[in-house]
Amino acid sequence: MKRKGSLFDCICSFNNIHLAYLKAKKGKRFKKDILSFSHDLEKNLILIKWELEAQTYEHGRYKEFVVQDSKRRLIRAPLFKDRVVHHALCNIVEPIFEKSFIFDSYACRKNKGIHKGIKRLKVFLKDKRNDYCLKCDISRYFDSIDQGVLLKIIKNKIKDKRTVWLVEQIINSFNQETRTGIPIGNLTSQLFANIYLNELDQFIGHCLKQKKFIRYMDDFLVLGDKKELRCLKEKIKNYLRPNLKLELHPKKANIFPLFKGVDFLGYVAFKNHVLLRKSTVKRFLKKMKKVGGGGEPMPGSLMPSMLTLSG
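Counting restarts for each chain, with residues numbered from 1 along the sequence as it is written. Local features in this predicted model are restricted to residues whose pLDDT is 70 or higher, and side-chain atom pairs enter the listing and the counts only when it is 80 or higher, whereas totals over whole chains, interfaces and linings include all residues. With hydrogens and water set aside, each side-chain value is computed from the structure's full complement of heavy atoms.

Participant: How should I be thinking about the overall build of the protein chain in this particular structure?
Facilitator: Helix and strand counts for the protein chain come out as 13 helices and nine strands. The buried label applies to any residue whose accessible area, calculated with a 1.4 Å probe on protein chains only, is under 20% of its type's maximum; exposed applies above 50%, and partly exposed to all values in between. For the protein chain, with 311 residues in total, the buried portion stands at 44%. Put simply, DSSP marks the helices as runs of H or I at least four residues long and the strands as runs of E at least two long, and each gets a number from the N terminus on.

Put into structure tokens, the structure is as follows:
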């Protein structure tokens with residue numbers, strides 16, 4: 001594997017740091033911490049540049065809060081200055097790793113996303129040779145990532161020692177007691193999470209020779225023959241434990257016939273049509289009711305467009 005060097009000067013360039021600032025404040029420019037940072041913008045951007053170049057930069061604390069959507073999530077939000085640094089790093093490093101990602105990984109990537117993932121699943125479902133689906137979920141994925149293994153994977157691709165130093169500063173900013181986990185809330189965590197499970201993607205694609213495989217962060221599925229999928233499930237388990245220190249969720253690693261529909265990414269996909277998951281519809285209507293100030297739910301005439309995914 002060819003490793004990349006000479007990256008740090010690009011990360012530390014004023015133009016890149018300014019671009020990182022613009023990305024970090026997008027949609028949030030009136031927040032108090034961003035207004036404060038922007039008041040002395042040039043001074044703060046130059047300070048980031050100097051700290052990075054001198055390798056005196058230290059990652060700040062995290063603000064913790066809970067978000068309740070489909071499930072309860074503990075979010076750890078970094079300071080705005082650190083968010084700028086995260087964007088500066090990702091601007092330069094992400095394209096390098098993007099080239100190694102498989103086509104059918106759909107989370108937190110440009111021109112991918114939930115709808116593209118579901119449309120790809122619809123293509124797989126039309127193949128009459130597929131009768132069953134293996135659908136899996138990694139148990140406590142973000143909390144279980146081994147920081148040492150993550151850094152080793154990154155070093156296999158990046159040889160620039162100063163860039164590796166910056167990656168270490170960000171990884172080491174979280175949970176150093178156990179050296180496990182990455183914070184949900186960091187932009188870098190989205191990239192690191194994809195880098196980490198790209199190892200599994202390569203194993204399933206190249207070693208196990210599976211072509212009907214889709215992953216969206218730590219949710220993934222494989223279509224095929226029932227007997228083959230049973231064997232595949234055990235091979236995936238046996239790969240994850242020693243290599244990535246991960247476990248399949250005991251209640252969310254199942255094999256089932258396709259005629260029952262594939263519940264994936266908020267939709268239930270069948271061979272001839274796709275429906276929104278009922279819980280997704282309920283959450284949507286609940287949010288719409290809150291936005292409408294407690295008024296009537298959305299008119300029934302609009303419901304059909306919510307329940308199907310065309311294309």
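There's plenty left to go through after this.
Participant: Would you take a moment to explain the layout of surface pockets for this structure?
Facilitator: Think of a ball as big as a water molecule: rolled over the atoms, this probe shows where empty space is left. Estimated volume of the second largest pocket: approximately 1000 Å³. As for the second largest pocket, its lining consists of 33 residues, of which Ala 24, Lys 28, Arg 83, His 87 and Leu 187 are closest to the centre. Counting residues per element, the ones that place at least two in the lining of the second largest pocket are helix 2 (14-25), helix 3 (32-39), strand 1 (62-68), strand 2 (72-78), helix 5 (80-98) and helix 10 (187-207). Of all the elements, helix 5 adds the most residues to the lining of the second largest pocket, at 10 residues. Only protein atoms enter the 1 Å grid used here. Points where a 1.4 Å probe fits but cannot escape make up a cavity, open sets with protein on both sides within 12 Å along at least five of seven lines make up a pocket, and a residue lines them when an atom lies within 4 Å of a point. Grid points are joined across faces, edges and corners, and a volume is the space filled by probe spheres set on the points.

Participant: For this particular structure, what's the right way to read the packing of aromatic side chains?
Facilitator: Aromatic rings in a pair are described by how distant their centres are and how their planes are angled relative to each other. Whether two aromatic rings pair depends on their centres lying within 6.5 Å, for rings of Phe, Tyr and Trp, where Trp uses its six-membered ring; planes under 30 degrees apart make the pair stacked, over 60 edge-to-face, and the rest tilted. Summed over the entire model, instances satisfying the criterion amount to 10 aromatic pairs. A centroid spacing of 6.0 Å and a plane angle of 25 degrees characterise the contact between Tyr 21 and Phe 37, whose relative ring orientation is stacked. In this pair, Tyr 21 sits in helix 2 while Phe 37 sits in helix 3, placing the two residues 16 residues apart along the sequence. The residues Tyr 21 and Phe 37 share a single accessibility class, namely buried. Every member of this aromatic cluster is reached through a ring pair, and the members are Tyr 21, Phe 37 and Phe 80.

Participant: I would appreciate a short explanation of the packing of helix 2 against helix 5 in the present structure.
Facilitator: Relative orientation and spacing of two packed helices are given, respectively, by the angle between their axes and the distance between those axes. The convention used is that axes are lines fitted to C-alpha atoms, helices contributing only their stretch in contact, and that angles between N-to-C directions extend from 0 to 180 degrees. Closest axis-to-axis distance for the helix 2/helix 5 pair is 8 Å, and the angle between their directions is 120 degrees. One element, helix 2, and the other, helix 5, form an angle in the oblique class. Considering the relative orientation of helix 2 and helix 5, their crossing is right-handed. Counted together, Asn 16, Ile 17, Leu 19, Ala 20, Tyr 21, Lys 23, Ala 24 and Lys 25 of helix 2 and Phe 80, Arg 83, Val 84, His 87, Ala 88, Asn 91 and Ile 92 of helix 5 form the full contact between these two elements. Among the residues forming the contact of helix 2 with helix 5, the class breakdown is nine nonpolar, three polar and three charged. Should an angle lie under 35 degrees it is considered roughly parallel, over 145 roughly antiparallel, and from 65 to 115 roughly perpendicular; all remaining angles are considered oblique. Crossing handedness is defined as follows: a turn of the near helix away from the far one that is anticlockwise and smaller than a right angle gives a left-handed crossing, while the clockwise case is right-handed. In this description, contact between two residues means that some pair of their heavy atoms is separated by no more than 4.5 Å. Gly is placed with the polar residues, together with every amino acid not listed as nonpolar (Ala, Val, Leu, Ile, Met, Phe, Trp, Tyr, Cys and Pro) or charged (Asp, Glu, Lys and Arg).

Participant: Is there a simple way to explain the sheet that holds strand 9 (residues 274-276) in this structure?
Facilitator: Within a sheet, neighbouring strands are paired by backbone hydrogen bonds and run either parallel or antiparallel to one another. With respect to topology, three strands assemble into an open sheet ordered 7-8-9, the strand pairing being antiparallel. What marks the edges here is a single partner per strand, and that holds for strand 7 (262-264) and strand 9. Taken pair by pair, the neighbouring strands of this sheet meet at an average axis angle of 25 degrees, ignoring direction. Note: two strands are recorded as paired if DSSP finds a minimum of 2 bridges between them. Where strand 8 (residues 267-269) lies against strand 9, three bridges are found, and the strand directions are antiparallel. In the strand pairing of strand 9, Ala 269 is matched with Val 274. Along the sheet, helix 6 (residues 114-125) contacts strand 7, strand 8 and strand 9; its crossing angle with strand 8, the most-contacted strand, is approximately 15 degrees.

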